[in-house]
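Each chain is listed here by its residues.
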Amino acid sequence: MVARVLEGLDVWKVYGKTVAVAGVTIGINKGETKVIIGPSGSGKSTLLRCLGLLERPTKGRILFEGTDVYASKLDLSKLRAKIGFVFQDPSLFRHLTALDNVKLGLRRVLGLSEDEARRKALEALRLVRMEEWADHYPAQLSGGQQQRVGIARAIAMDPDIIIFDEPTASLDIELKWEVIEVMRDLAKRGTTMLVATHELHFAREVADEIIFMDHGKIVEVAPPEEFFKRPKTERARRFMARLLGGVTGW
Amino acid sequence: MTPLEQFLFLLKAVPVTLGISLASFALGFAIGIPIALLRIYGGSPLSLLADAYEKLFRSVPVLVVMFFMYFGLGSVIHIFKDPYVTSILSLGLVSAANQSQIFRSAIGSVGKTQMMAAISLGLTKGGAVRYVILPQAFIVAIPGLGSEIALLIKDSSYSFLIGVLELMKHASILRAATRSAVLPYIGSAIIYVALTFPFANYMDKWGSRKRRELGL
Ligand SMILES: Nc1ncnc2c1ncn2[C@@H]1O[C@H](COP(=O)(O)OP(=O)(O)OP(=O)(O)O)[C@@H](O)[C@H]1O
Ligand SMILES: [Mg+2]
């Protein structure tokens with residue numbers, strides 16, 4: 001039996017007059033990597049924030065490992081600790097070194113001892129190849145390095161799923177690949193991942209499924225080979241054509 | 001009295017002036033942070049209350065608060081008859097409103113993503129504020145807090161009017177004794193500059209440098 005890690009059922013999010021997410025149903029099973037693509041403003045970030053329990057949907061249900069999050073009296077903080085989140089914008093805590101960024105959750109949320117937290121944090125930093133930078137502050141790191149520490153901060157908590165919201169979107173081309181490579185490693189090790197990204201190589205290589213969103217809705221869901229070879233919907237075709245127009249070597 | 005003796009007499013008031021200023025700063029800090037937090041995270045009734053506090057104490061002159069406490073409350077409640085207590089309380093309550101504003105804008109500059117990142121780790125809102133938001137906001141606030149201390153050192157001179165033996169009181173005793181206003185007031189001006197300058201200047205420098213280093 002497949003184990004559902006995270007599920008959104010008919011999720012809506014409305015900001016004033018803007019309908020950011022308009023009735024999305026989505027599920028991620030253990031060990032899967034699903035990639036969401038879609039034009040700017042299509043509601044990817046909003047959907048991911050709802051699934052990451054960072055924002056409450058206007059309507060609809062979020063299920064974490066089978067339990068309806070908002071119907072139950074579960075402690076949201078405890079659940080969030082099991083869902084890693086990697087942001088598009090720089091999100092490292094700027095007053096803390098890379099090591100302390102990773103340690104914070106281990107110490108203050110999981111309650112590990114100083115030694116244990118340090119050991120785990122260094123191990124996570126090693127996984128993203130940032131161990132030598134442990135004592136550096138975010139401002140002393142490149143954008144790509146910061147994102148890798150952000151990934152380490154998420155994986156150190158041993159989450160059941162990690163959500164990535166366009167982690168490479170604000171990086172220069174030459175810094176993107178080092179982040180992508182780390183994410184590819186994670187996917188290959190069987191990490192459960194939900195990723196919004198326009199990195200098509202990554203999507204094609206590791207995604208079990210591509211989810212195409214537009215105007216707050218899921219327009220198309222397909223395995224990567226199918227999706228990239230021949231999107232079924234006109235909207236996805238147009239979006240891909242525009243995306244590929246700007247990408248060389250595809 | 002030689003000019004040196006006169007100056008030394010003024011200097012004797014420094015511990016009181018500094019003591020009152022720093023004590024009221026500490027009081028303002030202790031009240032200002034919760035007020036800022038209530039205004040930002042408090043939810044509507046508490047936030048409105050904090051807002052009202054800020055607006056009130058930012059609009060009323062310190063002297064009005066001080067006289068009200070000393071002459072008004074002092075006639076009813078014994079503790080307000082103590083000019084030292086009353087000075088520290090009134091300066092501190094007014095400073096709390098200023099410091100709340102300093103912290104609010106500092107917290108605002110820390111940004112929403114930091115809060116969200118902290119929450120996503122499983123920290124509670126309180127934990128996020130404590131471990132992520134406030135430590136950064138504090139660094140951003142340092143220059144503003146430096147000016148606030150300087151302001152309190154200057155405003156502590158009001159407490160002369162309710163009988164605190166601080167620098168202005170010493171200056172006026174000296175003026176009466178020497179029948180000259182030159183040394184008492186030039187001397188106290190020099191002392192005020194010497195007291196305020198390190199706070200205003202070094203806290204500004206240190207804070208600005210730290211901000212640059214951390215990219216805050
Ligand atoms: N906090 C918010 N308040 C108001 N409107 C919002 C908020 N967040 C998102 N929106 C709006 O919701 C819509 C979807 O935005 P969202 O950021 O989810 O899209 P996106 O697919 O992530 O876009 P991008 O690729 O640019 O990141 C947009 O119209 C946006 O302006
Ligand atoms: Mg987005």
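Up top is the structure these notes are about.
Residues numbered from 1 in each chain as written. Chains lettered and ligands numbered in written order. Predicted model: local features only at pLDDT ≥ 70, side-chain atom pairs only at ≥ 80, totals over all residues. Heavy atoms only, no water.

A. Looking closely at the overall build of chain B. In terms of helices and strands, chain B carries nine helices and zero strands. In sequence order, the secondary structure elements of chain B are arranged as α-α-α-α-α-α-α-α-α. Dimensions of chain B, computed from the C-alpha atoms along their principal axes, are close to 70 × 45 × 20 Å. Considering chain B as a whole, with its 216 residues, one finds that 47% of them fall into the buried category. For chain B, contacts bridging at least 24 residues in sequence account for 75% of all contacts bridging at least 6. Carbon and sulfur atoms make up 71% of the accessible area of chain B, which totals about 10,200 Å². Counting 18 positive and 9 negative side-chain charges, chain B places the centres of these two groups 5 Å from one another. (Helix = DSSP H or I, 4+ residues; strand = E, 2+ residues; numbered from the N terminus. Buried < 20%, exposed > 50% of the residue type's maximum accessible area, 1.4 Å probe, protein only. Contact = heavy atoms within 4.5 Å. Areas by Shrake-Rupley, 256 points an atom, 1.4 Å probe, with all protein chains shown as cover. Lys, Arg positive; Asp, Glu negative; His and termini not counted. Charge placed at Lys NZ, Arg CZ, Asp CG, Glu CD.)

B. Broad picture of the overall build of chain A. Tallying secondary structure elements over chain A gives nine helices and 10 strands in all. A compact globule built from 250 residues would reach a C-alpha radius of gyration of about 18 Å, and chain A, at 18 Å, matches this within 12%. Considered along the principal axes of its C-alpha atoms, chain A spans approximately 55 × 50 × 40 Å. Within chain A, the proportion of its 250 residues that are buried is 55%. Pairs at least 24 apart in sequence give 64% of the contacts found in chain A among residues at least 6 apart. (Rg over C-alpha atoms; globule rule 2.2 N^0.38 Å.)

C. Quick peek at the packing of aromatic side chains. Under the counting rule described, the total for this entry stands at 11 aromatic pairs over all chains. Ring geometry for F212 of chain A against F239 of chain A: centres 5.4 Å apart, planes inclined by 45 degrees, an arrangement best described as tilted. Of this pair, F212 of chain A sits in strand β9 (residues 209-214) while F239 of chain A sits in helix α9 (residues 234-245); the two residues are 27 residues apart in sequence, bridging distant segments of the chain. F239 of chain A sits in the buried class, given a relative accessible area of 5%. Judged by centre distance (5.2 Å) and plane angle (90 degrees), the rings of F67 of chain B and F71 of chain B are edge-to-face. A residue pair is termed a helical-turn pair when its members lie 3 or 4 positions apart in one helix, as F67 of chain B and F71 of chain B do in helix α4 (residues 62-72) at four residues. Residue F71 of chain B is classed as partly exposed on the basis of its relative accessible area of 47%. One cation-aromatic arrangement involves K81 of chain B over Y70 of chain B; the distance from NZ or CZ to the ring centre is 4.5 Å. (Phe/Tyr/Trp six-rings, centres within 6.5 Å; stacked < 30°, edge-to-face > 60°. Lys NZ or Arg CZ within 6 Å of the ring centre and 35° of its normal.)

D. Structural context of the nonpolar core. Residues L6 and I151 of chain A are the most contacted members of the largest nonpolar core, which totals 142 residues. Considering each element in turn, this core owes the most residues, 15 residues, to helix α7 (residues 125-155) of chain B. In this structure I151 of chain A touches V86, V128, F164, V179, V182, M183 and L186 of chain A, once residues within four positions along its chain are discounted. (Core = buried A, V, L, I, M, F, W, Y, C linked by side-chain atoms within 4.5 Å.)

E. A look at helix α5 (residues 143-155) of chain A. With 13 residues, α5 of chain A extends 19 Å between its outermost C-alpha atoms, agreeing within 8% with the 18 Å of an ideal straight helix rising 1.5 Å per residue. Of all 13 residues that make up α5 of chain A, 12 are buried, and the element is covered over most of its length. Along α5 of chain A, the residues classified as buried are G144, Q145, Q146, Q147, R148, V149, G150, I151, A152, R153, A154 and I155 of chain A. Buried-residue contacts for α5 of chain A involve β6 (83-86), α3 (98-108), α4 (114-127), β7 (161-165) and α6 (173-188) of chain A together with α6 (112-120) of chain B. (Expected span 1.5 Å × (residues − 1).)

F. Structural context of the pattern of salt bridges. Residues and elements named next belong to chain A. Tallied over the full model, the rule gives 33 salt bridges over all chains. Linking K59 and D10 is a salt bridge whose minimum nitrogen-to-oxygen distance equals 3.4 Å. In this pair, K59 sits in strand β4 (residues 59-64) while D10 sits in strand β1 (residues 4-15), placing the two residues 49 residues apart along the sequence. Residue classification places D10 among the partly exposed residues on the basis of a relative accessible area of 32%. Between K176 and E199 there is a salt bridge, and its shortest N-O distance comes to 3.7 Å. One end of the pair, K176, is in helix α6; the other, E199, is in the loop between β8 (193-196) and α7 (200-206), and 23 residues separate them in sequence. Assigned by exposure class, K176 and E199 land together as buried. One network of salt bridges, in which partners are shared, links R129, E181, R184, D185, K188 and E205. (Salt bridge = Lys/Arg side-chain N within 4 Å of Asp/Glu carboxyl O.)

G. Structural view of the pairing of β7 of chain A. All names here are of chain A. Across the five residues of β7, five count as buried, placing the element largely inside the fold. Judged by which residues are buried, β7 turns out to be covered on both faces: I161, I163 and D165 on one side and I162 and F164 on the other are all buried. Pairing analysis gives four bridges linking β6 to β7, with the strands arranged parallel. Counterpart to G84 in the pairing with β7 is I162. (Pairing = 2+ DSSP bridges.)

H. Representation of the site of ligand 1. All names here are of chain A. In the neighbourhood of ligand 1, 13 residues make up the surrounding shell, with S40, G41, K44, S45 and T46 lying closest. Here an oxygen atom of ligand 1 sits 2.5 Å away from a polar atom, N or O, in the side chain of T46. One nitrogen or oxygen atom from the side chain of R49 is found 3.4 Å from a nitrogen atom belonging to ligand 1. Burial of ligand 1 by the protein amounts to 61% of the accessible area it has alone, namely 630 Å². Mapped by element, the contributors of at least two residues to the shell around ligand 1 are β2 (18-29) and α1 (44-51). With four residues, α1 is the largest single contributor of residues to the shell around ligand 1. Across the shell around ligand 1, the residue classes break down as three nonpolar, seven polar and three charged. (Near = heavy atom within 4 Å. Polar contact = N/O pair within 3.5 Å; in protein donor to acceptor, adjacent residues only side chain to side chain. Nonpolar A, V, L, I, M, F, W, Y, C, P; charged D, E, K, R; others polar.)

I. Examining the layout of surface pockets more closely. Residues and elements named next belong to chain A. As a volume, the second largest pocket reaches approximately 340 Å³. Lining of the second largest pocket is provided by 19 residues; of these, I155, D158, P159, R189 and T191 occupy positions nearest its centre. With four residues, the single largest contributor to the lining of the second largest pocket is α4. Per-class residue counts for the lining of the second largest pocket are eight nonpolar, four polar and seven charged. (1 Å grid on protein atoms, 1.4 Å probe; cavity = no way out; pocket = protein on both sides within 12 Å on 5 of 7 lines; lining within 4 Å. Points joined across faces, edges and corners; volume = space filled by probe spheres on them.)

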